[in-house]
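Structure at a glance
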Amino acid sequence: MEREMFKFHVHWKHKDKLYVDELSAASKVECVDYFNDNKRPDVSLMRVELAGTDEGGVREFAHSPDSPFSPLMARRRLDIDEDAR
């Protein structure tokens, strides 16, 4: 049986500036655990709010300097522009 997934708004702080991102998880506890296990050391989690049900699909965001997570180096080629077509 497939687990029901939810979208959560994750409010986090870096250098006194607040940010909001969206994560999918089966529960608020799972969302918080994922964020804390994968965040950069210079980021703090402020709060997590339920945004609604997750309709599915795979979302992969481009790496941003404002991301709370380190880039996935194994899945990225830094020697070429992957977005160039």
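Residues numbered from 1 in each chain as written. Predicted model: local features only at pLDDT ≥ 70, side-chain atom pairs only at ≥ 80, totals over all residues. Heavy atoms only, no water.

**Some details on the pattern of salt bridges**
A complete count under the given rule lists 2 salt bridges for this structure. For Glu-49, the salt bridge goes to Arg-47, with nearest N and O atoms at 3.1 Å. The class of Glu-49 is partly exposed, set by a relative accessible area of 33%. (Salt bridge = Lys/Arg side-chain N within 4 Å of Asp/Glu carboxyl O. Buried < 20%, exposed > 50% of the residue type's maximum accessible area, 1.4 Å probe, protein only.)

**A short note on the nonpolar core**
Listed in full, the 10 residues of the largest apolar core are Phe-8, Val-10, Trp-12, Tyr-19, Leu-23, Ala-25, Cys-31, Phe-35, Val-43 and Val-48. Sorting the residues of this core by element identifies β1 (6-14), β2 (17-25) and α1 (28-38) as the ones contributing at least two each. Discounting residues that sit within four places of it in the chain, Val-48 has contacts with Phe-8, His-9, Val-10, Lys-28, Cys-31 and Val-32. (Core = buried A, V, L, I, M, F, W, Y, C linked by side-chain atoms within 4.5 Å. Helix = DSSP H or I, 4+ residues; strand = E, 2+ residues; numbered from the N terminus. Contact = heavy atoms within 4.5 Å.)

**Things to note about the environment of Val-20**
You can see Val-20 is positioned in strand β2. A residue is classified by how much of its surface remains accessible, and Val-20, at 49% relative accessible area, is partly exposed. In this structure, the C-alpha to C-alpha distance between Val-20 and Met-46, residues 26 residues apart in sequence, is 9.7 Å. Ignoring sequence-local partners within four residues, the contact set of Val-20 consists of His-9, Val-10, His-11 and Trp-12.

**Comments concerning the sheet that holds β1**
Judged by pairing direction, the sheet is antiparallel, and its 3 strands sit side by side in the order β2-β1-β3 without closing on themselves. Looking at strand neighbours, the two that pair on one side only are β2 and β3 (44-53), the edges of this open sheet. Within the sheet, the average angular offset between the axes of one strand and its neighbour, ignoring direction, is 25°. The strands touched by α1 are β1, β2 and β3; relative to β3, the strand with the most contacts, the crossing angle is about 140°. (Pairing = 2+ DSSP bridges. Axes fitted to C-alpha atoms, helices over the stretch in contact; angles between N-to-C directions.)

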